[in-house]
Structure formats: structure tokens, C-alpha cells
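# Structural overview for review
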Amino acid sequence: LSASPHRPNTGLAFDSLMLKHACKCGNNAIHPEHSGRLQSVWARLIETGLARRCDKLRPRKATIEELQTCHTEPHTLLFGTNLASRQKMDSSKLAELPVKALVRLPCGGLGVDSDTTWNELHTAPAARMAVGCVIDLAFKAALGDIKNGFAIVRPPGHHAEANQAMGFCFFNSIAVACRLLQQRQAVRRILIVDWDVHHGNGTQQIFYDDRSVLYLSIHRHDEGNFFPGTGAPGECGAGSGLGYNVNIAWSGGLQPPLGDAEYLAAFRTVVMPIARDYAPEIILVSAGFDAASGHPAPLGGYNVTPACFAYMTQQLMQIADGKVILSLEGGYDLTAICDSAEECVRALLEDDVTPIVQSELHRTPCQNAIKTLQKTIAIQLPHWPVLKKLAHTVSCSAVEATLCEENETVSAM
Ligand SMILES: O=C(c1ccc(C(O)(O)C(F)(F)F)s1)N1CCn2c(-c3ccccc3)cnc2C1
Ligand SMILES: [Zn+2]
């Protein structure tokens, strides 16, 4: 790796190889996780001149060995190789390939399930490239070669479990990068924040008994009735990992749809207090943007704004010496994901970002969100006593909470 520059910059990772992963039916209407998502985000970063101001990585595909830090050998061979590379494999290895059938889809394509389509030629290289992008950004940030970074990648990863592809995901990019940081850079504490509107069942599963990786997810749960159904508040980790899994599981459907006020309250009362207390050496973010306005119910339904994603990025940059790596997960409305990605890159570059609208800063969180935050704090309090301090401000708006903290500071003087 090159010597650290005196003023490290924001790194970007993208490669057109990831555009080629597509169902052979070519119907974007039934396959929302399509290459136009990535094409649009990259184009926006170019058009705005933001890409030019960042350090563009020359990314590479993750190796099968790197994938095996999190995934089983059969899983990595099934989804990490394609016809061309299999011809180079010796027959004994080929014989080990699980026969786990790829199913013919109603649309005419092939897939693991109706959502997770498989393109015999292009999916394996694309999925491995996505992992390689996150690994390289994470390592450069850990080494100080870059200040922070954004991986503009697809297919997403946070639903991929050790031995299961699902939910558009084949390999858990952020999980593999985490394991490699632990093994090769002796990083002792890593925080993963997952603000994709869907719970990262894969990431949770992989680190469930690992106290050196704290997985913190904010997601729509609705008592398990929202995809993928995992991520209940009581899932706090197991064994030595107990207390190192935090689920902020929103419920109550869309009465009303959640927005910035709720996400600000979650960040102020749960995410930031725990993150500061854990004091991670690096933060990896499963940055899906499907909590943004513009996502119809099955794929979202909330009204978080691009300005709020920028604010959450800025908040996390206050921790871990600013070593924050965002990796794209979900997000399907092209305008919403372009606006959100643009705002997050501006935050990473320490540019001015769009401010959250006053009405959201003055709005108190809805009743369902207050209940979720109170429940989460009660469950996590034994593991994170620091949560006690701000628990009483859960029902405050951002502005009220700031005033409340200020006059507490004054009275403490
Ligand atoms: O909601 C999901 C998601 C799978 C993966 C999602 C993600 O978390 O956004 C990720 F992984 F892409 F980042 S979101 N699924 C798959 C697609 N789906 C749909 C579809 C909606 C429109 C077209 C096709 C499928 C409804 N409900 C589901 C369940
Ligand atoms: Zn999602």
C-alpha cells in the first residue's frame, strides 16, 4: 500500500463489472435491484464533480479465500465461480459443488429465489467485485491512506448468511471486510451500523457471538411482518457476543410513516451513546437508502431525507477518528438514492450538506417510534448503562433535546 498522504482524502470504489449482474429476462420492473441503480449513482457523483475530488480506488474481486472468512466453501464455490472459472477447477473440487439447485424463475431467468437472480456469466465476478471494493476501502481507511470512503457497489450483501444467498445478496461484503480487518490488521473493535430499511439478517448471524464486532441496525420490523422478518429488539447477541447486537426495530406499519424526526431521536438516544461507549477503531455502514421517501411499501414506506443520511454520516464521523466506510446496500428509487449518495459523499468530504428541514427538527417522534426506542433502551440498558442518561429525551424533538442538554450543561456549571 502507498505511504499515507499527509492529508488523507475520501476514497470511492466502483467498477463497471458490477453493472453486468442482471437477470437474463432483463425486466427491471420485476427485478428492482438492477444495474441502473449503480449507473445512476456513479453518474451523479461524476456530474456533480464529487467523484473527481475523491481518491478513486482501482478495485479488485475478492478471492475465494477471502470470501471463506465468512461463507462456507460450498457457498463460495457455488456463487464465486462461473462456468469459465469452473473449467479451470480440478474435478474433485467440482464434485464438491453443492447441487443446491438454482431455480428457473417465472420471468424465464435463473435464481436462488424469485428475488435473487443468477446470471451464469456475470453474477459471480460482480458479487466478488462488490466485496473487493469494501475490503480495499476498509483497509485503506484502517491504514490511514484514506480518511473515509464510499463503496458504490451491487449486488448488496447484508442478507447473505454464511451458507445462504437471499434478498438480492450473495456475499456479505461488509462482514468479509470486517473479518479480514480483524485477521490481517488486528483491529479489535469494529462497529457496523445498518440503516438500510431492511434488517441485515446475514450480518447479525455472522457476528452474533462476536464481541469484537458490534452490529447495530435501524430497520422496519413490524413484529416480523416486514422483510426479512428478523431483527427483533430482544436479539442481543449470544455467548461472548451478548450485548453486541442492537436492533432498533420500528413497528406500527405506516401509521404514520417514519421520517427524519424518528431517525434523529434514534441516533441521539441509542446509536451515538452506544457507539461512543464502544469506541470502535473503525465504522462500517450498510448504507441502504430504501428508508428514503419514494420507496413504496414492500421495499420501504418511510420518509427519511437525503439530508438525514448526511447528518447520520456526519455524526458517525465524530467517532473512530473519522474512519467511516459507507457501502451501498438497498435503495431503488433512482432520484432518492442519487440525492442520498450525493449528500453522504459531501458529508464525507466535509463539504456543506443540505440541512434537515426545520419542521422535522421541531417535530417530536411519533408514538410508535417512542415506544420502540423506550423498549430498545430497556432491553439494552443492562449491556449499555450509558443509555440511561438520555432515555428521558426520547419523546423530545431534536430542537427540544438540544435546548434540554444545553440548560443541563449550564446548570451543571
Ligand atoms: O424486500 C425485499 C428485499 C430484498 C433485499 C432488500 C435490501 O435490503 O434492500 C437489499 F438487500 F437489497 F439491500 S429488500 N424483498 C425482495 C424483493 N421484494 C419485493 C419485490 C418488489 C418489487 C419487485 C420484486 C420484488 C417485495 N417484497 C420483497 C422482499
Ligand atoms: Zn433494503
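Residues numbered from 1 in each chain as written. Chains lettered and ligands numbered in written order. Predicted model: local features only at pLDDT ≥ 70, side-chain atom pairs only at ≥ 80, totals over all residues. Heavy atoms only, no water.

## Examining the site of ligand 1
Going by this rule: Whether a residue is near a molecule or strand depends on its heavy atoms: it is near if one of them lies within 4 Å of it. Here a polar contact is recorded for every N or O atom pair within 3.5 Å, except that within protein the pair must consist of a potential hydrogen donor and a potential acceptor, and residues adjacent in sequence are included only if both atoms are side-chain atoms. Only the protein chains shown count as cover for residues, and the accessible areas themselves come from Shrake-Rupley with a 1.4 Å probe. Nonpolar residues are Ala, Val, Leu, Ile, Met, Phe, Trp, Tyr, Cys and Pro. Charged residues are Asp, Glu, Lys and Arg, and all others, Gly as well, are polar.
Surrounding ligand 1, one finds 18 residues, the nearest of these being H158, H159, D290, G330 and Y332. Contact distances for ligand 1 include 2.9 Å between an oxygen atom and a side-chain N or O atom of H158. Between ligand 1 and H159, the relevant distance is 2.7 Å, taken from an oxygen atom to a side-chain nitrogen or oxygen of the residue. Relative to its unbound accessible surface of 580 Å², ligand 1 loses 82% to contact with the protein. Among the residues making up the shell around ligand 1, the classes are represented as 9 nonpolar, 5 polar and 4 charged.

## Section: the sheet that holds strand 5 (residues 117-118)
Strand pairing in a sheet is mediated by backbone hydrogen bonds. Such pairs are either parallel or antiparallel. Here is the rule we go by: For two strands to pair, DSSP has to find at least two bridges joining them. For helices the rule is a DSSP run of H or I covering at least 4 residues; for strands it is a run of E covering at least 2, with both sets numbered from the N terminus onward.
One open sheet holds the 3 strands; their spatial order is 3-4-5, and the pairing between them is antiparallel. Across the chains shown, the open sheet's two edge strands, defined by having one partner strand only, are strand 3 (103-104) and strand 5. Here 2 bridges tie strand 3 to strand 4 (residues 110-111), and the two strands are oriented antiparallel to one another. Each residue of the ladder has a partner; that of V103, found in strand 4, is G111.

## Overview of the packing of helix 10 (residues 260-278) against helix 14 (residues 367-380)
Where we set the bar: A fitted line through C-alpha atoms serves as each axis, taken over the contacting stretch for helices, and the angle formed by two N-to-C directions is quoted from 0 to 180°. These descriptions rest on fixed angle ranges, namely under 35 degrees for roughly parallel, over 145 for roughly antiparallel, 65 to 115 for roughly perpendicular, and the rest for oblique. Note on convention: the crossing is left-handed when the near helix lies turned anticlockwise from the far helix by less than a right angle, right-handed when the turn is clockwise. Note on definitions: a residue-residue contact is assigned when non-hydrogen atoms from the two residues lie within 4.5 Å.
At a closest axis distance of 10 Å, the pairing of helix 10 and helix 14 adopts a crossing angle of 15 degrees. For the element pair helix 10 / helix 14, the angle class is roughly parallel. For the pair helix 10 and helix 14, the crossing hand works out as right-handed. In this structure, helix 10 uses E262, A265, A266, T269 and V270 to contact helix 14, whose residues at the interface are A369, L373, T376 and I377. When grouped by side-chain class, the residues that make up the contact of helix 10 with helix 14 number 6 nonpolar, 2 polar and 1 charged.

## Thoughts on the nonpolar core
Rules: By convention a nonpolar core is built from buried Ala, Val, Leu, Ile, Met, Phe, Trp, Tyr and Cys residues, the set being connected through side-chain atoms within 4.5 Å. For every residue, the accessible area obtained with a 1.4 Å probe (protein chains only) is divided by the maximum for its type, and the residue is called buried under 20%, exposed over 50%, and partly exposed between those limits.
Counting residues in hydrophobic clusters, the biggest one holds 119 residues, and the most contacted among them are F150, W195, W250, Y263, L284 and F289. At 12 residues, helix 7 (residues 123-143) tops the list of elements feeding residues into this core.

## With respect to the environment of E66
With respect to the secondary-structure elements, E66 resides in helix 3 (residues 64-67). We classify E66 as buried; its relative accessible area is 4%. Once the C-alpha coordinates of E66 and R128 are considered, the two residues, 62 residues apart in sequence, prove to be 9.7 Å apart. Here E66 is in contact with R60, I135, V176, L180 and R184, once residues within four sequence places are set aside.

## What to know about the sheet that holds strand 10 (residues 282-287)
An order of 2-1-6-11-10-7-8-9 is seen for the 8 strands of this open sheet, with the pairing classed as parallel. Sheet topology places strand 2 (55-56) and strand 9 (245-250) at the edges, where each strand pairs with a single neighbour. Relative to strand 10, strand 7 (residues 190-194) is paired through 5 bridges, and the arrangement is parallel. Considered in strand 10, the bridge of I190 is made with I282.

## Description of the coordination of the zinc ion (ligand 2)
Put simply, the rule is: Metal donors were taken as nitrogen, oxygen and sulfur atoms no farther than 2.8 Å from the ion, or 3.2 Å where the ion is Na, K or Ca. Water is excluded, so coordination may look unfinished. Angle rules define the geometry names used: all angles between 85 and 135 degrees makes four donors tetrahedral, while opposite donors over 155 degrees apart and all other angles between 65 and 115 make four donors square planar and six octahedral, leaving every other case irregular.
Around the zinc ion (ligand 2), the protein supplies D196 (OD), D196 (OD), H198 (ND1) and D290 (OD) as donor atoms, at distances of 1.9 to 2.8 Å. Between the 6 donor atoms coordinating the zinc ion (ligand 2), the angles at the centre fall across 52 to 152 degrees, so the site counts as irregular. Residue class for H198 comes out buried when judged on its relative accessible area of 5%.

## Let's talk about the side chain of E329
To keep things clear, this is the line we draw: Positive charges come from Lys and Arg, negative ones from Asp and Glu, while His and the chain ends are left out of the count. Should a side-chain nitrogen of Lys or Arg be within 4 Å of a carboxyl oxygen of Asp or Glu, the pair is scored as a salt bridge.
Following the sequence through the fold, E329 ends up in the loop between strand 11 (324-328) and helix 12 (334-348). R37 is the oppositely charged side chain nearest to the buried, salt-bridge-free E329, at an N-O distance of 8.0 Å. Of note is the side chain of E329, whose polar atom sits 2.8 Å from the backbone nitrogen of G157. Residues contacting E329, with those up to four places away along its chain left out, are R37, P156, G157, H158, I174, D196, S286, A287 and G288.

## Re unusual backbone geometry
Across the junction of R154 and P155, the peptide omega takes the value -5 degrees, indicating a cis bond. With omega at -5 degrees, the peptide bond leading from Q255 into P256 counts as cis. On the secondary structure map, P256 appears in the loop between strand 9 and helix 10. Located in the positive-phi region is D222, a residue other than glycine, with phi close to 50 degrees. Take D222: it is sitting in the loop between strand 8 (213-220) and strand 9. Positive phi values are uncommon outside glycine, yet E223 reaches one of about 55 degrees. Note on placement: E223 falls in the loop between strand 8 and strand 9. Residue classification places E223 among the exposed residues on the basis of a relative accessible area of 58%.

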